[in-house]
Amino acid sequence: MVRVGLLVRVHAKPGKEAEVAQFLTDAQAIVEQEPDTRAWFAVQFDASTFGIFDVFPDDDGRKTHLTGGVGAALGERADELFTVSPAIEYVDILASKLPA
């Protein structure tokens, strides 16, 4: 069961859209190593707006993820790739349907 999640939005700097898309695609390999990240999605909203939505069983799993590889990489590359710092929203999951 998942109870909490994150919604992260990032806005690519002009000319960095392909790099942001590749960064998010490559991040999947890191997330695959996190047992408490139960579902993870990298998405593109428009030409320059991207996001991550992920869910966890509890706040400990969410905190571990935030301080893990993808969170650290986002912070390290933020000035290079994004117009503003990533917008991180903490969400509570009301209902879900995930594969068994």
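A brief report on the enclosed structure follows. (Residues numbered from 1 in each chain as written. Predicted model: local features only at pLDDT ≥ 70, side-chain atom pairs only at ≥ 80, totals over all residues. Heavy atoms only, no water.)

**Observations regarding the sheet that holds strand E4 (residues 87–92)**
Consideration 1: Strand order in the open sheet made by the 4 strands is E2-E3-E1-E4, with antiparallel pairing throughout. In this open sheet, the two edge strands, each paired with only one partner strand, are strand E2 (39–44) and E4. Direction aside, the axes of adjacent strands within the sheet are offset by 15 degrees on average. (Pairing = 2+ DSSP bridges. Helix = DSSP H or I, 4+ residues; strand = E, 2+ residues; numbered from the N terminus. Axes fitted to C-alpha atoms, helices over the stretch in contact; angles between N-to-C directions.)

**Description of a nonpolar patch on the surface**
Consideration 1: A cluster of nonpolar side chains, Phe41, Val43 and Phe45, forms an exposed patch at the surface whose accessible area comes to about 260 Å².
Consideration 2: With respect to the helices and strands, Phe41 occurs in strand E2. (Patch = residues over 30% accessible without salt bridge, like charges linked within 9 Å, V, L, I, M, F, W, Y side chains within 5 Å. Areas by Shrake-Rupley, 256 points an atom, 1.4 Å probe, with all protein chains shown as cover. Salt bridge = Lys/Arg side-chain N within 4 Å of Asp/Glu carboxyl O.)

**Regarding the packing of aromatic side chains**
Consideration 1: Under the definition given, this model contains 0 aromatic pairs.
Consideration 2: Between the NZ or CZ atom of Arg9 and the centre of the ring of Phe45, over which it lies, the distance is 4.0 Å. (Phe/Tyr/Trp six-rings, centres within 6.5 Å; stacked < 30°, edge-to-face > 60°. Lys NZ or Arg CZ within 6 Å of the ring centre and 35° of its normal.)

**Considerations on helix H3 (residues 69–81)**
Consideration 1: With 13 residues, H3 ought to run about 18 Å at 1.5 Å a step, and its terminal C-alpha atoms sit 17 Å apart, in line with that.
Consideration 2: If you look at H3, its biggest bend is around 35 degrees, right at Gly75.
Consideration 3: All buried positions along H3 are accounted for by Val70, Ala73, Leu74, Ala78 and Leu81.
Consideration 4: Where the residues of H3 are buried, they touch strand E1 (4–11), helix H1 (17–31) and strand E3 (49–56). (Expected span 1.5 Å × (residues − 1). Bend = angle between axes of the 7 residues up to and from the residue. Buried < 20%, exposed > 50% of the residue type's maximum accessible area, 1.4 Å probe, protein only. Contact = heavy atoms within 4.5 Å.)

**Some details on the packing of H1 against H3**
Consideration 1: Packing of H1 against H3 brings their axes to within 10 Å, and their N-to-C directions diverge by 165 degrees. In terms of axis orientation, H1 runs roughly antiparallel to H3. Considering the relative orientation of H1 and H3, their crossing is right-handed. Packed against H1, whose contacting residues are Glu19, Val20, Phe23, Ala27, Ile30 and Val31, the element H3 presents Gly69, Val70, Ala73, Leu74, Arg77, Glu80 and Leu81 at the interface. (Parallel < 35°, antiparallel > 145°, perpendicular 65-115°, else oblique. Left-handed = near helix turned anticlockwise from the far one by under 90°.)

**Here we look at the pairing of E3**
Consideration 1: Summarising burial for E3: 7 of the 8 residues are buried, a large majority.
Consideration 2: One ladder, built from 8 bridges, connects E1 with E3; its direction is antiparallel. Note on E3: the bridge partner recorded for Arg9 is Gly51.
Consideration 3: Counting the residues between successive antiparallel strands, the hairpin from E2 to E3 contains 4 residues.

It is worth stressing that arrangement in space is one thing and function is another; only the former is reported here.
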